[in-house]
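Okay, here's what each chain looks like letter by letter:
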Amino acid sequence: ALPISPTRAAEVTACVSEAVGRFGDAVKVASGRHCYENFVYNDTTRAVLDLSALNQAGYDRERQLFFVEGGCENWTAYRTLLNGYGKTLPAGSCYSVGAGGHITGGGYGLLSRLHGLTVDHLEAVDIVLWNSQQGEARLHHVSAQSLDGDERDLFWALRGAGAGNFGVITRYYFASLPDAPAHATLWTLAWNWQDMALPQFCNLLQEYGELMLSLPDHCFTLLKLCHSANQQLGL
């Protein structure tokens, strides 16, 4: 597949026009490359639009909104929002996940029981759309306040319809974000698979389910049922 790598947001429109003009719908978009479903790199792909150079986060003073660019990784977004503004996203814990696909997929993480999905906080996006009638790509700023009804519908769809694959989002905007936690406390438990008989395993699952019903919203837990080759399962 041909790599196409814009180095700034202003180049994305021209890149999309070039790629779609040459390859049609065989163009895929990559942000952090954490897709296990083979949606990007497969036999149908002729070109990959790589957004990894669009890796900034911060505060847009003109729009008065926080922003995260489509190629920004979780680590960069978290550090920038924390150190610069005392804010955070309720997104995932894997540091190198690209925000682009993660946010349109919902953005679920350790703070989501307390603050919901990342996409719940989304205020607006800058998105490059392909205009088939005119044969060119165009940049749109869409939100729930857009004057155009189609743009309002598009923004609604971007917040939960099929992982938001309707265009190339260059920047995500947030009007407000959760305050970053002052600290975190971590407990880790592990059991050896070889010591885990079936009745014990069933009891563990039952107790874990009961725990979830009473767990405070500010707590998050993962029961990691790893393969027996890992030798252990953990909480």
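Before reading further, recall that the structure is shown in the block above.
Residues numbered from 1 in each chain as written. Predicted model: local features only at pLDDT ≥ 70, side-chain atom pairs only at ≥ 80, totals over all residues. Heavy atoms only, no water.

**Quick word on the overall build of the protein**
Step number 1: Tallying secondary structure elements over the protein gives six helices and 10 strands in all.
Step number 2: Oriented by its inertia axes, the alpha-carbon framework of the protein measures out at about 65 × 40 × 30 Å.
Step number 3: With 235 residues in all, the protein has 40% of them scored as buried.
Step number 4: Accessible surface computed for the protein: about 13,900 Å², of which carbon and sulfur atoms make up 52%.
Step number 5: One finds the centroid of the 15 positive side-chain charges in the protein at a distance of 5 Å from the centroid of its 23 negative side-chain charges. (Helix = DSSP H or I, 4+ residues; strand = E, 2+ residues; numbered from the N terminus. Buried < 20%, exposed > 50% of the residue type's maximum accessible area, 1.4 Å probe, protein only. Areas by Shrake-Rupley, 256 points an atom, 1.4 Å probe, with all protein chains shown as cover. Lys, Arg positive; Asp, Glu negative; His and termini not counted. Charge placed at Lys NZ, Arg CZ, Asp CG, Glu CD.)

**Regarding the pattern of salt bridges**
Step number 1: The final tally for this structure, using the stated rule, is six salt bridges.
Step number 2: Note that Arg8 is salt-bridged to Glu11, the shortest N-O span being 3.5 Å.
Step number 3: Residue Asp60 is joined to Arg171 by a salt bridge in which the shortest nitrogen-to-oxygen separation is 3.3 Å. Of this pair, Asp60 sits in strand S4 (residues 57–60) while Arg171 sits in strand S8 (residues 168–174), placing them 111 residues apart in sequence. Arg171 carries the same exposure label as Asp60, and that label is buried. (Salt bridge = Lys/Arg side-chain N within 4 Å of Asp/Glu carboxyl O.)

**A closer look at the sheet that holds strand S3 (residues 47–50)**
Step number 1: Here we have three strands laid out as an open sheet, ordered S1-S3-S2, and parallel in their pairing. The sheet is open, and its two borders are formed by strand S1 (2–4) and strand S2 (27–30), each paired with just one other strand. Going across the sheet, the axis of each strand differs from the next one's by a mean of 25°, ignoring polarity.
Step number 2: With three bridges joining them, S1 and S3 adopt parallel strand pairing. Of the residues in S3, the one forming a bridge with Pro3 is Val48. (Pairing = 2+ DSSP bridges. Axes fitted to C-alpha atoms, helices over the stretch in contact; angles between N-to-C directions.)

**Describing the nonpolar core**
In summary, soluble globular proteins display a tendency toward joint burial of nonpolar side chains.
Step number 1: Counting 24 residues, the largest nonpolar core has Val68, Leu89, Val125, Ile127 and Phe174 as the members making the most contacts within it.
Step number 2: Listing elements by their share of this core, those giving two or more residues are strand S5 (65–69), helix H2 (74–85), helix H3 (99–104), strand S6 (122–131), helix H5 (149–158) and S8.
Step number 3: Among the elements that make up this core, the one with the highest residue count is S6 (four residues).
Step number 4: Judged by nonpolar contacts, the second largest core, of 16 residues, contains Val12, Cys15, Leu49 and Val168. (Core = buried A, V, L, I, M, F, W, Y, C linked by side-chain atoms within 4.5 Å.)

**Focus on H2**
Step number 1: Across its 12 residues, H2 extends 16 Å between first and last C-alpha, which sits within 8% of the 16 Å expected from 1.5 Å per residue.
Step number 2: Looking at the buried side of H2, the elements it contacts are S4, S5 and H3.
Step number 3: Positive backbone phi, at 70°, marks Gly86, one or two positions downstream of H2. (Expected span 1.5 Å × (residues − 1). Contact = heavy atoms within 4.5 Å.)

**Here's the deal with unusual backbone geometry**
Step number 1: Even without a glycine there, the phi angle at Gln64 is positive, about 60°.
Step number 2: Note that Gln64 resides in the loop between S4 and S5.
Step number 3: A positive phi angle, close to 75°, is found at Gln231, a residue other than glycine.
Step number 4: Judged by its relative accessible area of 59%, Gln231 is exposed.

**Here we look at the sheet that holds S6**
Step number 1: Read from one edge of the open sheet, five strands run S4-S5-S8-S6-S7, paired in antiparallel fashion. A single partner strand is all that each edge strand has here, and the edge strands are S4 and strand S7 (136–143). Between one strand axis and the next, the sheet turns by 25° as a mean value, whatever way the strands run.
Step number 2: As paired strands, S6 and S8 are joined by six bridges and run antiparallel to one another. In the strand pairing of S8, Val128 is matched with Val168.
Step number 3: This element, helix H1 (residues 12–23), spans S6, S7 and S8 of the sheet and lies at about 40° to S6.
Step number 4: Most of the contacts of H5 go to S7, to which it runs at about 80°, and overall it touches S6, S7 and S8.

**As for the environment of Ala10**
Step number 1: Here Ala10 lies in the loop between S1 and H1.
Step number 2: Of the residues examined, Ala10 reaches a relative accessible area of 60% and is grouped as exposed.
Step number 3: For the pair Ala10 and Gly234, spaced 224 residues apart in the sequence, the C-alpha separation amounts to 46 Å.

Any functional reading would require information that these geometric values do not contain.
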